[in-house]
Amino acid sequence: MDNDQTGYAEALQELQAILTELEGEAVDVDVLAVRVARADELLTLCRERLEAASVQVEKVVAAADDA
């Protein structure tokens, strides 16, 4: 997943689409496994992006405090 260039907003949209699909009544078990694995990748990506953004915000706030 390190090469995944999916943006945060795009990842959230894909997660929502997966959730909608999984909430349907006719979910194939083979498809389910693939979708759950992809959802896990997307959640990891979102967490990483949020953590990176948090670090950037902390740096900006610290720099503003030092000014």
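Shown above is the structure to which this text applies.
Figured I'd write up the structure that's included with this text. All values reported here derive from a predicted model rather than from experimental measurement.

**Some thoughts on the overall build of the chain**
When you go through the chain residue by residue, the secondary structure sums to 2 helices and 0 strands. The C-alpha radius of gyration computed for the chain amounts to 17 Å, which surpasses the reference 11 Å derived for 67 residues by more than 25%, pointing to a less compact arrangement than a globule. Considering only contacts in the chain between residues 6 or more positions apart, those separated by 24 or more positions represent 76%. Placing the 5 positive and 16 negative side-chain charges of the chain at their respective mean positions leaves the two points 4 Å apart.

**Observations concerning a nonpolar patch on the surface**
A surface patch of nonpolar side chains, amounting to about 260 Å² of accessible area, comprises Tyr8, Leu12 and Leu50. For leucine 50, the location among the structural elements is in helix 2 (residues 29-66). For leucine 50, a relative accessible area of 47% corresponds to the partly exposed category.

**Overview of the pattern of salt bridges**
Inspection of the entire model under this criterion finds 3 salt bridges. Here arginine 38 makes a salt bridge to glutamate 14, at a shortest N to O gap of 2.8 Å. You can see arginine 38 sitting in helix 2 and its partner glutamate 14 sitting in helix 1 (residues 8-23), a full 24 residues away along the chain. Residue class for glutamate 14 comes out partly exposed when judged on its relative accessible area of 26%. Between arginine 38 and glutamate 41 there is a salt bridge, with the nearest N and O atoms lying 3.1 Å from each other. With arginine 38 and glutamate 41 both in helix 2 and 3 residues apart, the pair spans about one turn of that helix.

About the cut-offs
- Residues numbered from 1 in each chain as written.
- Predicted model: local features only at pLDDT ≥ 70, side-chain atom pairs only at ≥ 80, totals over all residues.
- Heavy atoms only, no water.
- Helix = DSSP H or I, 4+ residues; strand = E, 2+ residues; numbered from the N terminus.
- Rg over C-alpha atoms; globule rule 2.2 N^0.38 Å.
- Contact = heavy atoms within 4.5 Å.
- Lys, Arg positive; Asp, Glu negative; His and termini not counted.
- Charge placed at Lys NZ, Arg CZ, Asp CG, Glu CD.
- Patch = residues over 30% accessible without salt bridge, like charges linked within 9 Å, V, L, I, M, F, W, Y side chains within 5 Å.
- Areas by Shrake-Rupley, 256 points an atom, 1.4 Å probe, with all protein chains shown as cover.
- Salt bridge = Lys/Arg side-chain N within 4 Å of Asp/Glu carboxyl O.
- Buried < 20%, exposed > 50% of the residue type's maximum accessible area, 1.4 Å probe, protein only.

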